[in-house]
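# Residue-level structure breakdown
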Amino acid sequence: MEAPKRRMGRPKSFNPNEKQTTILALDRALDVLDTLAHANGMTLSQLSSHLDQSPATMHRVLATLHARNFVEMDQRTQTWHIGSAAFRIGSAFLRRSSIVERSRPIMRELMEATGETSNLGIERNGDVMFISQVETHESIRAFFPPGTLSPMHASGIGKALLSCYSDHRADQYFRTASLTQFTGKTITLPSALKEEMKGIREKGWAFDDEEKAEGMRCIAAPIRDIYGEAVAGISISGPTHRIPESEVERIGALVADAAARVSRGLGSP
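All of the points below concern the structure found in this document. (Residues numbered from 1 in each chain as written. Predicted model: local features only at pLDDT ≥ 70, side-chain atom pairs only at ≥ 80, totals over all residues. Heavy atoms only, no water.)

### Digging into the packing of aromatic side chains
Here is the rule: Any pair of Phe, Tyr and Trp rings, taking the six-membered ring for Trp, is counted once the centres come within 6.5 Å. Such a pair is stacked with planes under 30 degrees apart, edge-to-face with planes over 60 apart, and tilted for the rest. Classification of residues uses two cut-offs on accessible area relative to the type maximum, computed with a 1.4 Å probe and protein chains only: under 20% is buried, over 50% is exposed, and between them is partly exposed. In this scheme, the term charge over a ring applies when either NZ of a lysine or CZ of an arginine sits within 6 Å of the ring centre and within 35 degrees of the ring normal.
For the structure on display, the rule yields two aromatic pairs. With a centroid separation of 6.3 Å and an interplanar angle of 80 degrees, the aromatic rings of Y165 and Y173 are classed as edge-to-face. A single burial state applies to Y165 and to Y173, both of which are buried. Here Y173 and F174 contribute two aromatic rings whose centre-to-centre distance is 5.2 Å and whose plane-to-plane angle is 70 degrees, an arrangement assigned as edge-to-face. For Y173, a relative accessible area of 9% gives the class buried. Here the aromatic residues Y165, Y173 and F174 are joined through ring pairs into a cluster of three or more. A cation sits over an aromatic face here: R169 above Y165, 3.9 Å from the ring centre. Note that K203 overlies the ring of W205, its terminal NZ or CZ placed 4.2 Å from the centroid.

Okay, structure coming up:
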């Protein structure tokens, strides 16, 4: 009689009803990643206290993760954050998630309708993280590889998401955010940004007019989930000579419509 085949990916002795042996060092590393994923940066001492581990142990774990880019350190604040490699691993899940899946065909249509690169981004610890992109066929184009970060106050998607913040959350953001001046057009005054957010809510789309990089413009709108909460932003970006001010209103309407279509696909009312 032929022996029954065991399932691939499990050791011969695997028994789901028995407590399995875990690798302690790996457990600690995963605890660190999970903790940092839910925090807006933590110092070594904060992380050690939170996980009830010695600073020496935490330092070894962080050094190992840092060497593989799973965590990164902000030298200015001496705080640790999730790194780009963690995103690359997590993007395997994102490929299965509905927001990326539902956005892709609409992003492609938006790129074809405008002739410019279409982007999808989410908020990550006070920045915009780009998670998907459909590039234009033009030789000169904006390029944001998955995992690229951009400041909220100086990007189309960032400002679109900021416009959806409650007053309390917006005040918290402006108390802690570093509103860096990138170009002569970057908006760095909280009062001016709040006025900008009001205009975005009225129009339904945001306009980055060379605020992060000279010669580049971006138009974006928020994507909402089944609860009506802004969970991502969709945008087009390209050089100023291909996005003249005379075209901004027309493109803004196309971007807002694309965001609404993705939102409906996610169950937004």
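### Comments concerning the layout of surface pockets
Rule in force here: For cavity detection a 1 Å grid was placed over the protein atoms alone, and a set of points counts as a cavity when a 1.4 Å probe fits there but cannot get out; an open set counts as a pocket when protein lies on both sides within 12 Å along at least five of seven lines, with lining residues being those that have an atom within 4 Å of a point. Grid points are joined across faces, edges and corners, and a volume is the space filled by probe spheres set on the points. A run of H or I in DSSP becomes a helix once it reaches four residues, and a run of E becomes a strand once it reaches two; helices and strands are each numbered from the N terminus. Each residue is assigned to one class: nonpolar for Ala, Val, Leu, Ile, Met, Phe, Trp, Tyr, Cys and Pro, charged for Asp, Glu, Lys and Arg, and polar for all the others, Gly among them.
Roughly 870 Å³ of internal volume is contained in the largest pocket. N40, N125, G126, D127 and T176 are, among the 27 residues lining the largest pocket, the residues nearest its centre. Only β1 (71-74), β2 (79-82), β3 (117-124), β5 (149-151) and α7 (167-176) provide two or more residues apiece to the lining of the largest pocket. Looking at which element gives the most residues to the lining of the largest pocket, the answer is α7, with four residues. Here the residues of the lining of the largest pocket sort into nine nonpolar, 11 polar and seven charged. Roughly 250 Å³ of volume is contained in the second largest pocket. Residue lining of the second largest pocket: 18 residues in total, with F144, S150, A154, D208 and K212 positioned closest to the centre.

### Quick word on the pairing of strand β8 (residues 230-239)
Stated precisely, the cut-off is as follows: Only strands that DSSP links by at least two bridges are regarded as paired with each other.
For β8, a buried count of eight out of 10 residues is recorded, marking the element as mostly surrounded by other parts of the structure. One ladder, built from five bridges, connects β3 with β8; its direction is antiparallel. Across the sheet, L120 pairs through a bridge with I234, a residue of β8. Summarising the sheet, strand β7 (residues 216-224) and β8 pair through nine bridges and their orientation is antiparallel.

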